[in-house]
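Fold and geometry: a report
Residue-level listing of the chains:
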Amino acid sequence: MLTTAEVAESNAFLQKSMDTNKKIWATRGADARVAAEVKRAAERTTWRQMSGMKLLMHEVGHVGNRPFMIGFGFTGLACMYIQTKFTDEMKANSLYWSTFHGDGKKEGGH
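Residues numbered from 1 in each chain as written. Predicted model: local features only at pLDDT ≥ 70, side-chain atom pairs only at ≥ 80, totals over all residues. Heavy atoms only, no water.

Some details on the overall build of the protein
- A tally of regular secondary structure across the protein gives six helices and zero strands.
- Its helices and strands in sequence order give the protein the pattern α-α-α-α-α-α, from N to C terminus.
- Computed over its C-alpha atoms, the radius of gyration of the protein comes to 32 Å, more than 25% above the 13 Å expected for a compact globule of 110 residues.
- The buried share of the protein, taken over its 110 residues, is 4%.
- Element-wise, carbon and sulfur atoms account for 62% of the exposed surface of the protein, whose accessible area totals about 10100 Å².
- One way to put it: in the protein the 15 positive side-chain charges average out to a point 5 Å from where the 11 negative ones average out. (Helix = DSSP H or I, 4+ residues; strand = E, 2+ residues; numbered from the N terminus. Rg over C-alpha atoms; globule rule 2.2 N^0.38 Å. Buried < 20%, exposed > 50% of the residue type's maximum accessible area, 1.4 Å probe, protein only. Areas by Shrake-Rupley, 256 points an atom, 1.4 Å probe, with all protein chains shown as cover. Lys, Arg positive; Asp, Glu negative; His and termini not counted. Charge placed at Lys NZ, Arg CZ, Asp CG, Glu CD.)

Right, dumping it as structure tokens:
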């Protein structure tokens, strides 16, 4: 014979199984598909609905974009480092800097 503990455990298992079956049965049919689509559209945003920083952070999180993000970060840090080391003397001797940012008096410029 079964003990009361075994009967309670069996009833709990059957109840959980019945709840699972009810969930599955509720998701079947045309009405359930429409309801699921409406719920999905209201709850989450896809990448097509994102813009700005939200889209950028979404793309940064993708594994396939990781090499690009590492390269982008490295390039950004290298540019910042080079810019901080660009002295006034270097600016004075630079054809580009004197033409576009300076007084434009460097010989051989535009």
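Now that the structure has been shown, we can carry on.
Section: a nonpolar patch on the surface
- Together, Met53, Leu56, Met57 and Val60 make up a nonpolar patch on the protein surface, roughly 370 Å² of accessible area in all.
- Accessibility expressed as a relative area gives 31% for Val60, which makes it partly exposed. (Patch = residues over 30% accessible without salt bridge, like charges linked within 9 Å, V, L, I, M, F, W, Y side chains within 5 Å. Salt bridge = Lys/Arg side-chain N within 4 Å of Asp/Glu carboxyl O.)

So, the pattern of salt bridges
- All chains considered together, the criterion is met by one salt bridge.
- The closest approach of N and O atoms between Arg40 and Glu37, which form a salt bridge, is 3.0 Å. On the criterion of helical spacing, the pair formed by Arg40 and Glu37 is a turn pair, its members being three residues apart in helix 2 (residues 30–43).
- Note on Arg40: relative accessible area 38%, which makes it partly exposed.

Here's the deal with the packing of aromatic side chains
- Tallied over the entire structure, the rule returns three aromatic pairs.
- Relative to Phe72, the ring of Phe68 has its centre 5.9 Å away and its plane inclined at 25 degrees; by these criteria the two rings are stacked. Highlighted residues: Phe68 and Phe72, both in helix 4 (residues 66–84), separated by four residues, approximately one helical turn.
- Residue classification places Phe68 among the exposed positions, given a relative accessible area of 52%.
- Assessed through its relative accessible area of 56%, Phe72 is described here as exposed.
- For the pair Phe86 and Trp97, a centre-to-centre distance of 5.7 Å together with 65 degrees between the ring planes defines the contact as edge-to-face. Of this pair, Phe86 sits in the loop between helix 4 and helix 5 (88–93) while Trp97 sits in helix 6 (residues 95–100), and the two are 11 residues apart along the sequence.
- In this structure Trp97 comes out as partly exposed when scored by relative accessible area, which is 23%. (Phe/Tyr/Trp six-rings, centres within 6.5 Å; stacked < 30°, edge-to-face > 60°.)

Brief notes about the side chain of Ser94
- Take Ser94: it is sitting in the loop between helix 5 and helix 6.
- A distance of 3.4 Å separates a polar atom in the side chain of Ser94 from the backbone nitrogen of Tyr96. (Polar contact = N/O pair within 3.5 Å; in protein donor to acceptor, adjacent residues only side chain to side chain.)

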